[in-house]
Amino acid sequence: MASIINFSLDLTKIPKDKIKVVKKKDGSEGKYLDLTLTLNNELDSYGNNGPVVVSQSLEERQSKADKVYLGNAKVAWTDGQNVGSNKPTEEVLPF
């Protein structure tokens, strides 16, 4: 399962309060932003496969907070198989 996905972001739309400053093992600091990329089954009218948004917390999702859209993504190449999830799936027994 492999895919190459290109996307561009409008950096001016990044909420500063969502940027995490993390101290690394070597003592330096890094700045991180959690993002969510959605790959839709259908292309939009511009040929995009889906949006890139700032990731939301559980509370933000439950309260239906507006998403912060940063850009769009296009699949540049794929081996034809769907990308798998990193979450384990539960096996459903037929009985």
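Note that the coordinates shown come from a computational prediction; the quantities given were computed from them, not determined experimentally.

What counts, and at which threshold
Residues numbered from 1 in each chain as written. Predicted model: local features only at pLDDT ≥ 70, side-chain atom pairs only at ≥ 80, totals over all residues. Heavy atoms only, no water. Helix = DSSP H or I, 4+ residues; strand = E, 2+ residues; numbered from the N terminus. Contact = heavy atoms within 4.5 Å. Areas by Shrake-Rupley, 256 points an atom, 1.4 Å probe, with all protein chains shown as cover. Pairing = 2+ DSSP bridges. Axes fitted to C-alpha atoms, helices over the stretch in contact; angles between N-to-C directions. Salt bridge = Lys/Arg side-chain N within 4 Å of Asp/Glu carboxyl O. Buried < 20%, exposed > 50% of the residue type's maximum accessible area, 1.4 Å probe, protein only.

What about the overall build of the chain?
Logical step 1: Assigned secondary structure in the chain consists of one helix and six strands.
Logical step 2: Along its sequence from the N terminus, the chain presents helices and strands in the succession β-β-β-β-β-α-β.
Logical step 3: If you take every contact in the chain between residues at least 6 apart in sequence, the share linking residues at least 24 apart comes to 47%.
Logical step 4: Here the chain displays about 8,100 Å² of accessible surface, and carbon together with sulfur accounts for 52% of that area.

Focus: the sheet that holds strand E6 (residues 69-78)
Logical step 1: Taking strand neighbours across the sheet as the criterion, the four strands line up as E1-E6-E5-E4 in an open arrangement whose pairing is antiparallel. Lying at the two open borders of the sheet, with one neighbouring strand each, are strand E1 (3-9) and strand E4 (35-37). On average, each strand axis in the sheet is tilted by 30° relative to the strand beside it, whichever way the strands run.

Things to note about the pattern of salt bridges
Logical step 1: Across all of its chains, the model carries two salt bridges by this definition.
Logical step 2: A salt bridge links Lys18 to Glu60; the shortest N-O distance between them is 2.7 Å. Taken together, the residues span a long stretch of sequence, with Lys18 in the loop between E1 and strand E2 (20-23) and Glu60 in helix H1 (residues 58-62) at a distance of 42 residues.
Logical step 3: Residue class for Lys18 comes out partly exposed when judged on its relative accessible area of 25%.

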